[in-house]
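These are the residues of each chain, in order.
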Amino acid sequence: MELRALKGTKDIFGDEMRKWLEVEEIIRNLCDDFCFNQIRTPMFEFTKLFARGVGDTTDIVNKEMYSFVDKGENEITLKPESTAAVVRAFLEHNMYADTQPTKLYYISPTFRYERPQAGRQRQFHQFGVEMFGSDSPTADAEVISIGYTLLKRLGIKKVELHINSLGGPECRKKYNETLKAFLGEKRENLCPLCQERMEKNPLRVLDCKNPECQKHLQDAPTVLDTLGEECMAHFNQLQELLKAMDIPFVVDPSIVRGLDYYTKTVFEFVSNDIGAQGTVCGGGRYDRLVDEIGGKHVPAVGFGAGMERLIIVRDAENNAPLALATKDIFIGYRGDAAMVEAIKLVNNLRQVGISAETDHLQRSIKAQMKYANKINARYSMIIGESELEERSVRLKEMESGDEVTIPMDQFVQAFKNIVQG
Ligand code: ATP
Ligand code: MG
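These notes cover the structure that comes with them. Nothing here was measured: the structure is a model prediction, and the numbers come from that model. (Residues numbered from 1 in each chain as written. Chains lettered and ligands numbered in written order. Predicted model: local features only at pLDDT ≥ 70, side-chain atom pairs only at ≥ 80, totals over all residues. Heavy atoms only, no water.)

## Re the packing of aromatic side chains
Following the criterion strictly, the structure yields 13 aromatic pairs and no others. An angle of 70° between the planes, with centres 5.7 Å apart, marks the rings of Y66 and Y113 as edge-to-face. Of this pair, Y66 sits in strand β3 (residues 66–69) while Y113 is found in the loop between β5 (102–111) and β6 (123–132), placing the two residues 47 residues apart along the sequence. Overall, Y66 belongs to the partly exposed group, its relative accessible area being 27%. A network of ring pairs unites the aromatic residues F90, Y96, F132, Y261, Y262 and Y286 as a single cluster. The ring of F46 has K48 sitting right over it, with the charged end atom 5.5 Å from the ring centre. The lysine or arginine in question, R122, covers the ring of Y113, its NZ or CZ lying 4.0 Å from the ring centre. (Phe/Tyr/Trp six-rings, centres within 6.5 Å; stacked < 30°, edge-to-face > 60°. Helix = DSSP H or I, 4+ residues; strand = E, 2+ residues; numbered from the N terminus. Buried < 20%, exposed > 50% of the residue type's maximum accessible area, 1.4 Å probe, protein only. Lys NZ or Arg CZ within 6 Å of the ring centre and 35° of its normal.)

The following block contains the structure:
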């Protein structure tokens, strides 16, 4: 076949689709329990939203965005993450004027031009949460707890929570100086991109994926060494809350995250099951992003989790087979008059919430019964001339083979009683 899906994109269907629906259902219930409401933002935004929001020294903005100019000469980008878009919506609809906090979640396609590999695609999907309007560590703890609870409900155990604090603007300024001094001494050993970033945004250097660079960054000074009193207290309180909620964590000063907007708390849930693509969920606090995008000071905290990676890790750890997809009933027929009756009956059953299927391919009776098996129908029946004449049908339970006779004109109610109790 000449036309194929683009590299780094995937069709989701069949059993895989059922897995996704199951995970999405778990997510919707989870967010309900934590009192988060769903938001859907458009698939594309003005490019400058991401350049400003995500940061123009990040990998995402530098190398990974799907950007284009549309027919109206607008510079547009397919969203490479959703936080900036949600912040835009939060501001545009004056959500900050409402009672706070504002607690939102999304499940969204996300686009990054990357080298595709297991757990890394060009169109992937993120589940994320954003909580606006609170600078309290209780908000950070709640957001982390959503991630932790999700993993628990998915049956994922081999994941570690790593937390760190990047401090506020004051601590960061101090840290940037210390870090610049350190990096200055390693200059020759670092890649050209690191050398360039060193001046503009030294923290980005720590996030470099080049193993050669990482070797020389091992004993870089950490932000934790330069945290001011307030940020330290915030970080300590967060740890206390996590302990109170029985959420195990490790403090890991190497977590800096690949986006520019983080302040104070950053965290990642990391799995050992999927190699290099081990981060299933990452997030943190972003007290300055709303200001940067829309000139309002609103503190916020959130995370993004990769749906594909969640599903890969879940499959690796917890391979209980999916429950069989069943249908309540298959109604077959012989002859044109019976066909009309079957179509009517199937349609009436569907109106009352019963999953019913019939034949659309003029199959023989034998082939219709085979089809009923194939779709895992729990019950089946065939309407033929004698059934029409007697106005009654023989309903067969597929597994046991047991049959009962039911008057055709009371069939919908009778069958409803059988399957719905
Ligand atoms: P990585 O270091 O793996 O590139 P990242 O730091 O770029 O991840 P974030 O921007 O924090 O990732 O996005 C949040 C989550 O989205 C990641 O933890 C991961 O689970 C998922 N994710 C990121 N990029 C991809 C991708 N290209 N394909 C599939 N999932 C992805
Ligand atoms: Mg990345």
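## Describing the layout of surface pockets
The computed volume of the second largest pocket comes to approximately 340 Å³. Forming the boundary of the second largest pocket are 16 residues, of which R172, N201, D260, R288 and E292 lie nearest the centre. (1 Å grid on protein atoms, 1.4 Å probe; cavity = no way out; pocket = protein on both sides within 12 Å on 5 of 7 lines; lining within 4 Å. Points joined across faces, edges and corners; volume = space filled by probe spheres on them.)

## Some remarks on the packing of helix α1 (residues 14–33) against helix α5 (residues 137–153)
Relative to each other, α1 and α5 sit at 140°, their axes nearing to 10 Å. One way to sum up the angle between α1 and α5 is to call them oblique. For the pair α1 and α5, the crossing hand works out as right-handed. Between α1 and α5, the contacting residues are I26, I27, N29, L30 and D33 on the first element and I146, T149, L150 and R153 on the second. Split by residue class, the contact of α1 with α5 holds five nonpolar, two polar and two charged. (Axes fitted to C-alpha atoms, helices over the stretch in contact; angles between N-to-C directions. Parallel < 35°, antiparallel > 145°, perpendicular 65-115°, else oblique. Left-handed = near helix turned anticlockwise from the far one by under 90°. Contact = heavy atoms within 4.5 Å. Nonpolar A, V, L, I, M, F, W, Y, C, P; charged D, E, K, R; others polar.)

Coordinates in, geometry out; function isn't part of it.
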